[in-house]
Amino acid sequence: MERGIVLVGLNHRTAPVEVRERVAFANGRLEPSLRRLIAVAGVAEGAILSTCNRVEVVACGPDPAALGAALPGFLAGEHGVPEPALAGHLYTHGDREAVRHLFRVAASLDSMVVGEPQILGQMKEQYAAAAAAGASGQILHRCFHRSFSVAKRIRRETGIAERAVSIGSAAVELSRGIFDRLVDKRALLLGAGTMGELTARQLLAQGVGSVMVANRTFDRAIDVARALSAMPVPWDRLARYLPLADLVIAAASGEEFLLQRPAVEAAMRERRHRPMFLIDLAVPRALDPAVNQLDNVYLYDIDDLEGVVAQNRGARAREAVKAETIVDAEVEAFWRWFTSLDVVPTIVALRERVEAIRRREVERSLAALGPVDPRQRETIERLTQAIVNKVLHAPLTALRRHRADPAEAFYVEAVRRLFRLGTGEAGEAGAERRRAGRRGPEASEEAQRGGAARAPDGPPEDFDEDA
């Protein structure tokens, strides 16, 4: 095979965050790094994927072994990190496994949270940057766009993204079970911690009507409320705002419960017992468990939510098995296309090689015969073309049949060696068509059709090894 695909990288399973952040490609660094990537010896095409959980470099070139050796140095050199500091954290995938890895990443099968949708958008953005920088070509263009299609197919044909697998998403799922809709509901965030803020963001993303933020330090409440486009609430006026809340998210704790049963009971009377959903994310717990005894009050603590998450992770794992089957089929389809890039130009080169020999031998024979009339010349031409077609029929049929075979590279290499393709006269004649083959099978098929009109199938019986 005249080219290979190599992927080198690290992710959340192979490297801690302090290592990942040292090699991350921040905004503004990606484009110049892409230009330097394709300047690396042997790199014909390249792309970089950099997220909080992974940094990966993928490249195509004529010598996959050399690419695998060069890419770790490129990654280290771009960030001024000693290469040995990364060695224990890097993985390398070649050819089929590199394609499989990209497809799995796009489908979020390799993510920290299987089924999360963010990675696909990040891949699209960063591949677009590679294309804009002129770093990608025919192979990576097809590979990345195929990975996007694979991800969409998996989401369409499996339930991999349907179940909540984070605390925030579990809270949203449970709230939907209590309320018919969220658009007219108001949430109250007690404590402006990270988990509470993330849960509030999840609710907003799912369409909750509005959010109020209460915190012991009012300035912090103002900051978080501004980030959420929410309303800050003074801590000492909490009782006044509690009846307005359909959902309460407690993300801060203290020596005593932030909300005890009497306060919630009073709020429910003012609400005329419309349902209230409370999520206690704090450890120690911030909400009095006794409020769960009140009618139309639904309280879930962190253990309840973790139980939902664990159950849903199991459901996603079962769906992931279906997704892996889809990935396997898509990898094989891509690989058939990829290997055909070598089959078609080999067929064209073989026909050109043998046709050149046929023509030369015909001219020699006609010169030895002396003057011949046009009819005699036509007869000789037809005879030699028929012999060539019959002799070449079997090898060309085998090449076309094995273009979908995992061992296709063996057949291509065998034909090129046996018929000395790519060297001498035939190599020069076929160079342009082989370049067309690298641009795509469609271009090469067209060249093949053109060659067929000029060069019949098959070598002469007395194949001249010196030609």
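Scroll up for the structure.
Residues numbered from 1 in each chain as written. Predicted model: local features only at pLDDT ≥ 70, side-chain atom pairs only at ≥ 80, totals over all residues. Heavy atoms only, no water.

Colleague: Could you clarify how one ought to interpret the overall build of the protein in this entry?
Modeller: Regarding its fold elements, the protein presents 17 helices and 10 strands. Counting every position in the protein, which comprises 467 residues, the buried fraction comes to 47%. A fraction of 73% describes how many contacts in the protein between residues 6 or more apart in sequence connect residues 24 or more apart. Of the accessible surface of the protein, which amounts to about 22400 Å², a share of 51% is contributed by carbon and sulfur atoms. (Helix = DSSP H or I, 4+ residues; strand = E, 2+ residues; numbered from the N terminus. Buried < 20%, exposed > 50% of the residue type's maximum accessible area, 1.4 Å probe, protein only. Contact = heavy atoms within 4.5 Å. Areas by Shrake-Rupley, 256 points an atom, 1.4 Å probe, with all protein chains shown as cover.)

Colleague: Just to check I follow, could you spell out the nonpolar core for this structure?
Modeller: Where a protein is soluble and globular, its nonpolar side chains tend to be buried together. In terms of nonpolar packing, the biggest core is built from 64 residues, with Ile5, Met123, Phe144, Ile154 and Phe334 touching the most fellow members. When residues of this core are assigned to their parent elements, the largest contribution, 10 residues, is made by helix α13 (residues 302-369). With near-sequence residues (within four places) excluded, phenylalanine 334 lies in contact with Ile5, Val99, Phe103, Ile139, Arg142 and Cys143. Counting 27 residues, the second largest nonpolar core, distinct from the first, contains Ala187, Leu203, Leu228 and Leu247. (Core = buried A, V, L, I, M, F, W, Y, C linked by side-chain atoms within 4.5 Å.)

Colleague: I keep staring at a nonpolar patch on the surface and nothing clicks. Help me out?
Modeller: On the surface, Leu383, Ile387 and Val391 cluster together into a nonpolar patch covering about 240 Å² of accessible area. Within the fold, valine 391 resides in helix α14 (residues 374-401). What makes valine 391 partly exposed here is its relative accessible area of 35%. (Patch = residues over 30% accessible without salt bridge, like charges linked within 9 Å, V, L, I, M, F, W, Y side chains within 5 Å. Salt bridge = Lys/Arg side-chain N within 4 Å of Asp/Glu carboxyl O.)

Colleague: I would appreciate a short explanation of the packing of aromatic side chains in the present structure.
Modeller: In this description, a pair of aromatic rings is defined by centroid distance and the angle of the planes. In this structure the tally under the stated criterion is 7 aromatic pairs. Centre to centre, the rings of phenylalanine 277 and tyrosine 300 are 5.6 Å apart; their planes meet at 75°, and the pair counts as edge-to-face. With phenylalanine 277 in strand β9 (residues 276-280) and tyrosine 300 in strand β10 (residues 297-301), this residue pair connects regions lying 23 residues apart in the sequence. The exposure class of phenylalanine 277 is buried, given its relative accessible area of 0%. Look at tyrosine 300 and you get partly exposed, because its relative accessible area is 26%. The rings of Phe103, Phe334, Trp335, Trp337 and Phe338 are connected pair by pair, giving a single aromatic cluster. The cationic tip of lysine 124 hangs over the ring face of phenylalanine 148; the distance from NZ or CZ to the ring centre is 5.8 Å. (Phe/Tyr/Trp six-rings, centres within 6.5 Å; stacked < 30°, edge-to-face > 60°. Lys NZ or Arg CZ within 6 Å of the ring centre and 35° of its normal.)

Colleague: Explain the packing of helix α5 (residues 96-106) against helix α6 (residues 118-132) to me, please; I cannot follow it from the model alone.
Modeller: Each packed pair of helices is defined by two parameters, the angle between the axes and the distance between the axes. Contact pair α5 / α6: the axes reach a minimum separation of 8 Å and the direction vectors enclose 125°. On the basis of the axis angle, α5 is oblique to α6. Where α5 abuts α6, its residues Leu102, Val105 and Ala106 lie against Ile119, Leu120 and Met123. In terms of residue class, the contact of α5 with α6 is built from 6 nonpolar, no polar and no charged. (Axes fitted to C-alpha atoms, helices over the stretch in contact; angles between N-to-C directions. Parallel < 35°, antiparallel > 145°, perpendicular 65-115°, else oblique. Nonpolar A, V, L, I, M, F, W, Y, C, P; charged D, E, K, R; others polar.)

Colleague: Can you help me understand the environment of phenylalanine 148 in this one?
Modeller: Within the element layout of this structure, phenylalanine 148 appears in helix α7 (residues 138-157). What makes phenylalanine 148 buried here is its relative accessible area of 8%. It is 7.8 Å that separates the C-alpha atoms of phenylalanine 148 and lysine 124, two residues lying 24 residues apart in sequence. In this structure phenylalanine 148 touches Leu120, Met123, Lys124 and Tyr127, once residues within four positions along its chain are discounted.

Colleague: How should I be thinking about the sheet that holds strand β4 (residues 91-94) in this particular structure?
Modeller: Within a beta sheet, neighbouring strands are joined by backbone hydrogen bonds and run either parallel or antiparallel to one another. Strand order in this open sheet of 4 strands is β2-β3-β1-β4, and the pairing throughout is antiparallel. In this open sheet, the two edge strands, each paired with only one partner strand, are β2 (45-50) and β4. Across the sheet, the mean angle from the axis of one strand to that of its neighbour is 15°, orientation sign disregarded. Pairing of strand β1 (residues 4-11) with strand β3 (residues 54-61) involves 8 bridges; the strand directions are antiparallel. Paired with valine 8 across the two strands is valine 57, which belongs to β3. (Pairing = 2+ DSSP bridges.)

Colleague: What is the right way to read the sheet that holds strand β7 (residues 231-234) from this model?
Modeller: Pairing within the open sheet is parallel, and its 6 strands lie in the order β7-β6-β5-β8-β9-β10. Of all strands in the sheet, those bounded by a partner on one side alone are β7 and β10. Neighbouring strand axes in the sheet, compared pairwise and without regard to direction, differ in orientation by 20° on average. Pairing between strand β5 (residues 186-190) and strand β6 (residues 210-215): 5 bridges, direction parallel.

Colleague: How should the side chain of glutamine 126 be read in this particular structure?
Modeller: Inspection of the secondary structure assignment puts glutamine 126 in helix α6. Overall, glutamine 126 belongs to the buried group, its relative accessible area being 14%. Among all residues touching glutamine 126, those that are not within four sequence positions of it are Leu30, Ile48, Leu49 and Ser50.

Colleague: Honestly, the environment of leucine 86 in this entry has me stumped. Any pointers?
Modeller: Following the sequence through the fold, leucine 86 ends up in helix α4 (residues 83-87). Note on leucine 86: relative accessible area 2%, which makes it buried. The sequence separation of leucine 86 and valine 19 amounts to 67 residues, and the corresponding C-alpha distance is 7.9 Å. With sequence-adjacent residues up to four places away left out, leucine 86 is seen in contact with Leu10, Val19, Val23, Leu75, Ala76 and Val81.

Colleague: So what exactly am I meant to see when it comes to the packing of helix α2 (residues 30-37) against helix α3 (residues 64-79) here?
Modeller: In contact at an axis separation of 11 Å, α2 and α3 are set at 145° when each is read in the N-to-C sense. Every pair of crossing elements has a handedness; the one defined by α2 and α3 is right-handed. Side by side, α2 and α3 meet where Ser33, Arg36 and Leu37 of the first sit next to Leu71, Phe74 and Glu78 of the second. Its residues assigned to classes, the contact of α2 with α3 shows 3 nonpolar, 1 polar and 2 charged. (Left-handed = near helix turned anticlockwise from the far one by under 90°.)

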